[in-house]
Amino acid sequence: MSIKADELAKIAVLARLKVDPEHLQSLTQDLDQILHFVEQMNQQNTQSIEPLGNPLEQHQRLRTDCVTEPNQREALQSVCNTTEKGLYLVPKVIE
Amino acid sequence: MQWEVVIGLEVHVQLATQSKIFSGASIAFGAEPNTQACAVDLAMPGMLPVFNEEALNMAIKFGLAIDANINKVSVFDRKNYFYPDLPKGYQISQLDYPTVEKGHLDITLEDGSSKRINVTRAHLEEDAGKSLHEDFHGQTGIDLNRAGTPLLEIVSEPELRSAKEAVAYLKKLHSIVTYLGISDGDMSQGSMRCDCNVSLRPFGQQEFGTRTEIKNVNSFRFVEKAINCEIERQMDILEDGGRIIQETRLYNPDKDETRSMRSKEHANDYRYFPDPDLLPVVIQDETIERIRQSLPELPEAKKSRFVSDYGLTDYDAGILASTRAQADYFETVAKRCDDAKLAANWIMGELSKWLNQENLEIQQSPVTAQQLGDLILRVKDNTLSGKLGKTVFESLWQREGEVDAIIEKKGLKQVTDSSAIEAMIDEVLNANAAQVEQYRAAEPEKQAKMLGFFVGQAMKASRGKANPQQVNEALTRKLNG
């Protein structure tokens, strides 16, 4: 598997990353090498190996279902520059 | 060309926990915007999710109810996309290792036969916030109260073959989750939302056709209508030799049509990967066993019991067992009046009529199950005729008091004293001497029709309170005697 410059540009858009056009080539090469390394790992036979969900050998702790968070809207919205009627305002998005 | 319809449903069920799936904020409906969105829900730096035990238990409950595999280890993944109502930039969901896999449920088709629908998986995930597009001077308002609400996404195999089957499946799911008490199932508040995958293929063809997905349909009726108009749209295209484009569509109930959601510049690529903030969830056998023991009686079992214990018909039992609230109501009424058949008739007749008129659910009924049971008792012991029973029902509905008090207050007690009835009938016959003459001169088959006139007069004279059966008997006897 290898990656091309235009694919990288597309992924950058999806990830909301701004990539300088002059870095596109070198970045593509770096990523290509990483993907090549992944490819090598993919070739290993992992049939008998249990999938790794997390490198820590621990299980998820569970939380009791109760409401512990009071309303802190005022404090939380104090760091936001545009709010109205309790809503956060963002540039218009319409699908 | 004969086309076969192929439908699969993805149903999002909002779980009835107290708090969110990964934070301690409340999920109560109807709060002021952003008053139930804490630092975790807002994705403030350094915040970590902690998984809600009850959400897990509810998923297990559902899995057991549909005879599915409960995975001993499940893993949360990040589904990445950018939208302002998703502050983290990803939704925590489950991709490769969902909590529930491979279950099934049986739906009843229109001809009364049963069909098994397989459930591919049910996975846990968090809901996003809400975007409000109106009235903010060209800006969008964001309410994050819903962000982090626990959802169970239930995915069916593409085994449904018509809109009607899809609705039957959805109703069955609704009935199961409400019986289990894992969701309030209130579709109008978005507690159950449905994405419908629809495609067509020539009959006999193995491969599926290209499908479209109708997003976020929120009522049984709209699911049926949305699927049917999408089937028609696809059929028109295919009949004209065209091609279906795989895309997401939205249903507009006002125009009864689906339209394409403007396709995004870049196709969605969610770049799933295991969420490093959450460890694998391990479920112990004992937990599964404990939950299995706590499962309530489910709709199918209840329906069979209603048939065997109460002697109801399959049809009546099916309707009464369709929701837990209705089934509980029925059992309370039946026990109170000790007559299941009458209880079923009153619930599916008078009560349903009033509930429908006022658009209420049975749990909101102003007439309690105890009151209806008392009312039926008074019909059974002949205190009330069926007709007077309906009058008392209406008073109960208007919250005018208890059954016996209403009967007393309004003087609705049925007259069963035969001498009183006879005296009243004599009066009626005397007042209508000419009609009596006509009756006696008429052919027997005509008499039957004419009797109705006298019954009407007698009931009117008694202001509806005379026992109709006794009136009939006495009238026939006196007219023919």
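Refer to the structure above for everything that follows.
Small disclaimer: the values here were computed from a predicted structure and weren't measured. (Residues numbered from 1 in each chain as written. Chains lettered and ligands numbered in written order. Predicted model: local features only at pLDDT ≥ 70, side-chain atom pairs only at ≥ 80, totals over all residues. Heavy atoms only, no water.)

Undergrad: Which parts of the structure should I look at to understand the environment of H174 of chain B?
TA: Residue and element names in this part refer to chain B. Within the secondary structure, H174 sits in helix α2 (residues 163-180). With relative accessibility at 16%, the residue H174 sits in the buried group. Residues H174 and L152 lie 22 residues apart in sequence; the distance between their C-alpha atoms is 13 Å. Discounting residues that sit within four places of it in the chain, H174 has contacts with G185, M192 and F220. (Helix = DSSP H or I, 4+ residues; strand = E, 2+ residues; numbered from the N terminus. Buried < 20%, exposed > 50% of the residue type's maximum accessible area, 1.4 Å probe, protein only. Contact = heavy atoms within 4.5 Å.)

Undergrad: Even after reading the chapter, I still don't get a nonpolar patch on the surface, so can you show me in this structure?
TA: Residue and element names in this part refer to chain A. A contiguous nonpolar surface patch, about 440 Å² in accessible area, is contributed by L31, I34, F37, V38 and M41. Looking at where V38 falls in the secondary structure, it is placed in helix α2 (residues 21-42). Of the residues examined, V38 reaches a relative accessible area of 31% and is grouped as partly exposed. (Patch = residues over 30% accessible without salt bridge, like charges linked within 9 Å, V, L, I, M, F, W, Y side chains within 5 Å. Areas by Shrake-Rupley, 256 points an atom, 1.4 Å probe, with all protein chains shown as cover. Salt bridge = Lys/Arg side-chain N within 4 Å of Asp/Glu carboxyl O.)

Undergrad: It is not clear to me how the packing of α2 of chain B against helix α3 (residues 220-239) of chain B should be interpreted in this structure. Could you clarify?
TA: Relative orientation and spacing of two packed helices are given, respectively, by the angle between their axes and the distance between those axes. Residues and elements named next belong to chain B. Between α2 and α3, whose axes approach to 9 Å, the crossing angle comes to 155°. Judged by the inter-axis angle, α2 sits roughly antiparallel to α3. Classified by chirality, the crossing of α3 by α2 is right-handed. Here A163, K164, A166, V167, L170, K171 and H174 of α2 come into contact with α3, specifically with F220, V223, E224, I227 and N228. Among the residues making up the contact of α2 with α3, the classes are represented as seven nonpolar, two polar and three charged. (Axes fitted to C-alpha atoms, helices over the stretch in contact; angles between N-to-C directions. Parallel < 35°, antiparallel > 145°, perpendicular 65-115°, else oblique. Left-handed = near helix turned anticlockwise from the far one by under 90°. Nonpolar A, V, L, I, M, F, W, Y, C, P; charged D, E, K, R; others polar.)

Undergrad: Help me understand the interface of chain A and chain B in this model?
TA: Interface size, as often reported, equals the accessible area lost upon joining of the parts. If you look at the interface, chain A gives 37 residues, while chain B gives 55 residues. Between chain A and chain B, roughly 4300 Å² of surface is buried when both sides are summed, and carbon and sulfur atoms account for 61% of that area. Summed over the shared surface of chain A and chain B, the number is zero salt bridges. Going through the elements one at a time, α1 (5-14), β1 (62-63), α3 (73-77) and β3 (87-91) of chain A are the ones with two or more residues in the side of chain A that touches chain B. Residue contributions to the side of chain A that touches chain B peak at five residues, all from β3 of chain A. Taken together, the residues of the side of chain A that touches chain B sort by class into 17 nonpolar, nine polar and eleven charged. Looking at chain direction, β1 of chain A and strand β2 (residues 51-52) of chain B are connected through two bridges and run parallel. Residue L62 of chain A lies in a different strand from β2 of chain B, and its bridge partner there is F51 of chain B. (Buried area = accessible area lost by both parts, 1.4 Å probe. Pairing = 2+ DSSP bridges.)

Undergrad: What's the story with the nonpolar core in this structure? I'm lost.
TA: If you look at soluble globular proteins, the nonpolar side chains tend to sit buried side by side. Residues and elements named next belong to chain B. In this structure, F62, L124, Y169, F330 and L372 are the most contacted members of the largest nonpolar core, which totals 102 residues. Residue contributions to this core peak at ten residues, all from α2. Per-domain counts for this core show at least three residues from each of domain 1 (3-289) and domain 2 (297-410). With near-sequence residues (within four places) excluded, F330 lies in contact with F306, Y310, L312, L320, A340, A343, A344 and I347. Residues I421, A466, V471 and L475 belong to the second largest nonpolar core, which totals 17 residues. (Core = buried A, V, L, I, M, F, W, Y, C linked by side-chain atoms within 4.5 Å. Domains from an automatic or database assignment.)

Note that every value here comes from positions in space, so none of it alone points to a role or purpose.
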